[in-house]
Amino acid sequence: MSLESHNFETQAVRTQTEKTQFLEHSTPMYLTSGFVFEDSEEMRAAFAEEKDRNLYSRFSNPNTTEFVDKICKLEGAEDGYAFATGMAAVFSTFAALLDAGDHIVSARSVFGSTHSLFTKYFPKWNIETSYFPVNEVDKVESLIQPNTKIIYAESPTNPGVDVLDLELLGEIAKKHELLLIIDNCFATPYLQNPIKFGADLVIHSATKLIDGQGRVLGGVTVGKKELIREIYLFSRNTGPALSPFNAWVLSKSLETLAVRVDRHCENALKLAEFLESHPKVNWVKYPFLKSHPQYEVAKKQMKLGGNIVAFEVKNGVDGGKTFFDSIKMCSLSANLGDTRTIVTHPASTTHSKLAIEDKLTVGITDGMVRCSVGLEHIDDIIADLEQALEKI
Ligand SMILES: *Cc1c(COP(=O)(O)O)cnc(C)c1O
């Protein structure tokens, strides 16, 4: 039975590694570093890639293959490769595709470690990056140089929850024959499929909503077959592979992605609406709030608004500190996309290494809070934040 015509939820549940002689209903874990061969000819053929089979788990493993197959189906991608972390996916994707002297055009606001790659490590190989403000996608064209190879962005962004027009980015990339790479971590394949808007590659930190339960790290890049081939060859030689155990966890997690993300988004919208009317809150940003500057774009390209709400409490650093120290139930943690609601203070943690002017350009202010809304009852989440806001 072909799954191609099935809906998202069905593909997430039913995409599975071929059954073995034991006919397990749930896919078993293949905790093995290598695979055996019948004879020298079979081994030769495997190394020559004449046969599509597992050889060594740095290259492929039935569990990682199942996880990658699912993400490909859910994103509408041709092929993919799974990594130990989201950052391994980001780094390996760039490293496989760029040559010394190439140029990147990136959104100003990207994940902290991605920003470090652009500013600290890529310049070692003479790879420079130019940035466009997240609200000015039309500036991208003016930054393109003869040596530009990649346009890179996240949407929604971390931590400012800005939304970038993926269709417009896709048009610009196509017109200038550049690769468009989108980090789709905040949206998950359930809320947004960048390939539909012209992305060549899509990256996920599977650590976030894809696992969704704060257990394992993982990453994945999916997209055009010939690009994935380069990424695969780079990775098979350099070793950032996802472990079979984590792949097994992540593939199981995908079976519940749609129901989890539906509830995450429902809770997040309710929390955003509550915060918007609270006197101790200066502003709230959530893609599906009408007050969001890119509300129309968000509605066009996302199914729901995601689980991240950004807001600013009154009284700057002091207000932020009082708020954080008054939280009782929610977790103070750096992770996001967990079943548990997490509040983070980007200015003093994840983005503390940015200069003040850089913080402001990516929308981080002293009193800004990033809330990753979880799956507790929404009344309990609101009650915890409400009592903490009252202390300010
Ligand atoms: C967390 C995150 C990453 C990095 O993923 P890890 O699994 O922590 O390495 C990359 N991009 C975004 C947008 C993230 O939120």
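Everything quoted here is computed from the prediction, not taken from an experiment. (Residues numbered from 1 in each chain as written. Predicted model: local features only at pLDDT ≥ 70, side-chain atom pairs only at ≥ 80, totals over all residues. Heavy atoms only, no water.)

A. Main features of helix α2 (residues 40-47). Of all the residues in α2, the buried ones are Glu-42, Ala-45 and Ala-46. Across the axial projection of α2, the buried residues extend over an arc of 100°, all falling on one side. Phi for Glu-49, located one or two positions after α2, is positive at around 60°. (Buried < 20%, exposed > 50% of the residue type's maximum accessible area, 1.4 Å probe, protein only. Helix = DSSP H or I, 4+ residues; strand = E, 2+ residues; numbered from the N terminus. Arc of directions from axis to C-beta.)

B. Up close: the site of the ligand. What surrounds the ligand is a group of 13 residues, the closest being Gly-86, Met-87, Asp-183, Thr-207 and Lys-208. At a separation of 2.6 Å, a nitrogen atom of the ligand approaches a polar side-chain atom of Asp-183. The separation between an oxygen atom of the ligand and a polar side-chain atom of Lys-208 is 2.8 Å. Compared with its free state, where it exposes 380 Å², the ligand has 91% of that area covered by protein. Of the residues contributing to the shell around the ligand, the split by class is four nonpolar, six polar and three charged. (Near = heavy atom within 4 Å. Polar contact = N/O pair within 3.5 Å; in protein donor to acceptor, adjacent residues only side chain to side chain. Areas by Shrake-Rupley, 256 points an atom, 1.4 Å probe, with all protein chains shown as cover. Nonpolar A, V, L, I, M, F, W, Y, C, P; charged D, E, K, R; others polar.)

C. Representation of the sheet that holds strand β6 (residues 201-205) within the structure. As summarised here, the arrangement of the seven strands in space is β1-β7-β6-β5-β4-β2-β3, forming an open sheet in which the pairing is mixed. Looking at the sheet topology across the chains shown, the edges are occupied by β1 (79-83) and β3 (128-132). In this sheet, adjacent strand axes meet at a mean angle of 20° when their direction is disregarded. Here five bridges tie β6 to strand β7 (residues 219-223), and the two strands are oriented antiparallel to one another. Bridging from a neighbouring strand, Ser-205 pairs with Gly-219 of β7. Here helix α3 (residues 62-75) sits on the sheet in contact with β1, β6 and β7, set at roughly 50° to β7. (Pairing = 2+ DSSP bridges. Axes fitted to C-alpha atoms, helices over the stretch in contact; angles between N-to-C directions. Contact = heavy atoms within 4.5 Å.)

D. Molecular detail of the domain arrangement of the protein chain. Each assigned domain of the protein chain is listed with its residue range as follows: domain 1 (3-30 + 61-254) and domain 2 (257-390). The C-alpha-based centres of domain 1 and domain 2 are spaced at 24 Å. Between domain 1 and domain 2, the residue contacts involve 38 residues of the former and 36 residues of the latter. Overall, the association of domain 1 and domain 2 removes approximately 3,100 Å² of surface from exposure, summing both partners, and the carbon and sulfur fraction of that is 61%. One salt bridge in this structure joins Asp-165 and Lys-300, with 3.2 Å as the shortest N-O distance. One can count 18 residue pairs in polar contact (both at pLDDT 80 or more) joining domain 1 with domain 2. Considering only residue class, the side of domain 1 that touches domain 2 consists of 17 nonpolar, 14 polar and seven charged. (Domains from an automatic or database assignment. Buried area = accessible area lost by both parts, 1.4 Å probe. Salt bridge = Lys/Arg side-chain N within 4 Å of Asp/Glu carboxyl O.)

E. Just the nonpolar core, in detail. In terms of nonpolar packing, the biggest core is built from 77 residues, with Phe-67, Leu-169, Leu-271, Leu-275, Phe-311 and Phe-323 touching the most fellow members. Among the elements that take part in this core, helix α11 (residues 257-276) stands out by supplying nine residues, more than any other. Taken domain by domain, the makeup of this core includes at least three residues from each of domain 1 (3-30 + 61-254) and domain 2 (257-390). Aside from chain neighbours lying at most four places away, what touches Phe-67 is Ala-82, Ala-206, Ile-210, Gly-219, Val-220, Leu-242, Ala-247, Leu-250, Ser-251 and Leu-254. Phe-83, Ala-96, Leu-97 and Ile-150 belong to the second-largest nonpolar core, a separate cluster that totals 30 residues. (Core = buried A, V, L, I, M, F, W, Y, C linked by side-chain atoms within 4.5 Å.)

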